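Architecture and fold: a report
Here are the chains, one letter per residue:
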Amino acid sequence: KLPKADSLKMCMDRTIPYYQEQIAPQADSGKRVLISSSENAIRGLLMTLCDIPEENISELEIPNGLPMIYDLKSRCIKLLDDGSGEDPLEKYNFGNAASYLFRPCVDEDGEEMDCDITYMSDTVYGLSASDKEFTDSLRQPRKENSLV
């Protein structure tokens, strides 16, 4: 029987083990993994990945439908370029805990590295042709009554 309500803790009790057992091994092997889920599940996952303290997690806002890319190597969030040229921290509301998502990136040795918290673009990150095609498809407006 499904619960009538789902707390952040209940969500994390399911999400974090699944991430550790199923998603992380695939991502560690070099595969790109797409996660699409409820706000609470994403919030719990970001709480773990970005070391957001429990007392600050309620201050995190997750913009609806905004693709966020978590880079395992640099341990930071990146955003796709939507072509607007606007600063994502001004355009979207990430709440008062946004600094936990967009703090300096670190390399495998724990050393800080340059990490652009603005939008990812194919010129900055050298996307392959197939990755560019995929990200371009994400930028296209959805057609009404279309699942694509």
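Residues numbered from 1 in each chain as written. Predicted model: local features only at pLDDT ≥ 70, side-chain atom pairs only at ≥ 80, totals over all residues. Heavy atoms only, no water.

Looking now at the pattern of salt bridges. Under the defined criterion, the tally for this structure stands at 3 salt bridges. A salt bridge links Lys-9 to Asp-13, with the nearest nitrogen and oxygen atoms 2.9 Å apart. With Lys-9 and Asp-13 both in helix α1 (residues 8-28) and 4 residues apart, this pair spans about one turn of that helix. Residue Lys-9 is classed as exposed on the basis of its relative accessible area of 56%. Look at Asp-13 and you get partly exposed, because its relative accessible area is 47%. (Salt bridge = Lys/Arg side-chain N within 4 Å of Asp/Glu carboxyl O. Helix = DSSP H or I, 4+ residues; strand = E, 2+ residues; numbered from the N terminus. Buried < 20%, exposed > 50% of the residue type's maximum accessible area, 1.4 Å probe, protein only.)

Among the nonpolar cores identified, the biggest contains 23 residues, and Leu-46, Ile-52, Leu-60, Ile-77, Phe-94, Leu-101 and Phe-102 are the most heavily contacted of them. Listing elements by their share of this core, those giving two or more residues are α1, α2 (39-49), β2 (76-80) and α4 (98-101). Those residues within four positions of Ile-52 in sequence are excluded, and the remaining contacts are Leu-46, Met-47, Ile-57, Leu-60, Tyr-100, Leu-101 and Arg-103. (Core = buried A, V, L, I, M, F, W, Y, C linked by side-chain atoms within 4.5 Å. Contact = heavy atoms within 4.5 Å.)

What follows deals with the packing of α1 against α2. Where α1 meets α2, the closest approach of the two axes is 9 Å, and the angle between their N-to-C directions is 65 degrees. Here α1 and α2 pass one another in a crossing that is right-handed. Residues Leu-8, Cys-11, Met-12, Thr-15, Ile-16 and Tyr-19 of α1 lie in contact with α2, whose contacting residues are Asn-40, Ala-41, Arg-43, Gly-44, Leu-45, Met-47, Thr-48 and Leu-49. Residue classes in the contact of α1 with α2 are distributed as 9 nonpolar, 4 polar and 1 charged. (Axes fitted to C-alpha atoms, helices over the stretch in contact; angles between N-to-C directions. Left-handed = near helix turned anticlockwise from the far one by under 90°. Nonpolar A, V, L, I, M, F, W, Y, C, P; charged D, E, K, R; others polar.)

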